[in-house]
Amino acid sequence: DYPKSLAVAQLAYNGGILTDDSDVRRLADLQLFNDAPYRCGTMLEEAIQKKLVKVDFKLYEKQANCWVAARDFAKATGPLQRAAEMSPNGDLFVRLGEVRAAERVAQGRPEGHGQRAAAARHCAVQPEELRGREGFLHSRAQFRETSQDG
């Protein structure tokens with residue numbers, strides 16, 4: 001019974017009993033499975049601060065998934081960026097581009113054709129491992145960051 005398992009694990013975590021890395025990750029999975037993604041994201045933030053978990057790309061990806069499930073795309077981009085930088089391949093950069101696009105749509109700022117063209121031009125000069133769809137989305141995300149700064 002997953003709701004009861006979540007209740008027991010959450011009580012153990014709140015009481016300071018649940019401190020093992022794998023148990024904290026399992027609690028995050030239970031929170032996601034039981035439709036408590038915001039609690040999952042905040043719990044993982046706290047666990048990272050308290051150094052209860054080993055930080056790796058899978059942990060950051062899990063945290064980003066919590067925020068995406070909670071529809072808080074702005075909070076998802078930080079952990080997803082860190083996960084993408086640590087990941088052995090470019091898959092998470094694709095996901096990061098998708099999340100940033102979803103964030104813009106949620107804010108009512110869908111990107112225009114001019115931005116897509118500029119991102120495509122930027123992608124053309126990327127290293128071989130960042131070409132194609134992954135490179136395009138990564139470049140789009142980079143372009144959005146630089147265009148928002150200025």
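Residues numbered from 1 in each chain as written. Predicted model: local features only at pLDDT ≥ 70, side-chain atom pairs only at ≥ 80, totals over all residues. Heavy atoms only, no water.

A. The arrangement of the overall build of the protein in detail. Along the protein, the regular secondary structure elements total eight helices and zero strands. The order of helices and strands in the protein, counted from the N terminus, is α-α-α-α-α-α-α-α. Each of the 150 residues in the protein was classed as buried or not, and the buried ones make up 43%. If you take every contact in the protein between residues at least 6 apart in sequence, the share linking residues at least 24 apart comes to 51%. For the protein, the computed accessible surface area is about 8,400 Å², with 53% contributed by carbon and sulfur atoms. (Helix = DSSP H or I, 4+ residues; strand = E, 2+ residues; numbered from the N terminus. Buried < 20%, exposed > 50% of the residue type's maximum accessible area, 1.4 Å probe, protein only. Contact = heavy atoms within 4.5 Å. Areas by Shrake-Rupley, 256 points an atom, 1.4 Å probe, with all protein chains shown as cover.)

B. Just the pattern of salt bridges, in detail. Scanning the model with the defined rule gives six salt bridges in all. Between Asp-23 and Arg-26 there is a salt bridge whose closest N-O contact spans 2.8 Å. Here Arg-26 and Asp-23 lie together in helix 2 (residues 21–33), a separation of three residues that amounts to about one turn. Exposure remark for Asp-23: the relative accessible area of 28% places this residue in the partly exposed category. A salt bridge links Arg-25 to Asp-56; the shortest N-O distance between them is 3.3 Å. Linking Arg-25 in helix 2 with Asp-56 in the loop between helix 3 (37–49) and helix 4 (57–69), this pair joins segments that are 31 residues apart in sequence. Pair check on accessibility: Arg-25 and Asp-56 agree, each one buried. Here the residues in one salt-bridge network are Asp-21, Arg-25 and Asp-56, joined through shared partners. (Salt bridge = Lys/Arg side-chain N within 4 Å of Asp/Glu carboxyl O.)

C. Quick peek at the packing of aromatic side chains. In the structure shown here, the tally under the stated rule is two aromatic pairs. For the ring pair Tyr-38 and Trp-67, a centre distance of 5.2 Å and an interplane angle of 75° mean the geometry is edge-to-face. Of this pair, Tyr-38 sits in helix 3 while Trp-67 is found in helix 4, placing the two residues 29 residues apart along the sequence. When the ring centre of Tyr-60 is taken as reference, the NZ or CZ atom of Arg-82 above it lies at 4.9 Å. (Phe/Tyr/Trp six-rings, centres within 6.5 Å; stacked < 30°, edge-to-face > 60°. Lys NZ or Arg CZ within 6 Å of the ring centre and 35° of its normal.)

D. Representation of helix 4 within the structure. The first and last C-alpha atoms of helix 4 sit 18 Å apart over 13 residues, in line with the 18 Å expected at 1.5 Å per residue. Buried residues of helix 4: Leu-59, Tyr-60, Lys-62, Gln-63, Ala-64, Cys-66, Trp-67 and Val-68, and no others. Buried residues in helix 4 make contact with helix 2, helix 3, helix 5 (73–86) and helix 6 (91–106). (Expected span 1.5 Å × (residues − 1).)

E. Fine view of the packing of helix 5 against helix 6. Contact geometry of helix 5 with helix 6 gives a least axis separation of 9 Å together with a crossing angle of 165°. On the basis of the axis angle, helix 5 is roughly antiparallel to helix 6. Between helix 5 and helix 6 lies a crossing of left-handed hand. Across the interface between the two elements, Phe-73, Ala-74, Ala-76, Thr-77, Leu-80, Gln-81, Ala-83, Ala-84 and Glu-85 of helix 5 pack against Leu-92, Phe-93, Arg-95, Leu-96, Val-99, Arg-100, Ala-102, Glu-103 and Ala-106 of helix 6. Tallied by class, residues from the contact of helix 5 with helix 6 come to twelve nonpolar, two polar and four charged. (Axes fitted to C-alpha atoms, helices over the stretch in contact; angles between N-to-C directions. Parallel < 35°, antiparallel > 145°, perpendicular 65-115°, else oblique. Left-handed = near helix turned anticlockwise from the far one by under 90°. Nonpolar A, V, L, I, M, F, W, Y, C, P; charged D, E, K, R; others polar.)

F. The arrangement of the nonpolar core in detail. Tyr-13, Val-24, Met-43 and Leu-44 are the most contacted members of the largest nonpolar core, which totals 30 residues. Contributions of two or more residues to this core are made by helix 1 (2–14), helix 2, helix 3, helix 4, helix 5 and helix 6. The element best represented in this core is helix 4, accounting for six residues. Ignoring anything within four residues of it in the chain, the contact list for Met-43 reads Tyr-13, Val-24, Leu-27, Ala-28 and Gln-31. (Core = buried A, V, L, I, M, F, W, Y, C linked by side-chain atoms within 4.5 Å.)

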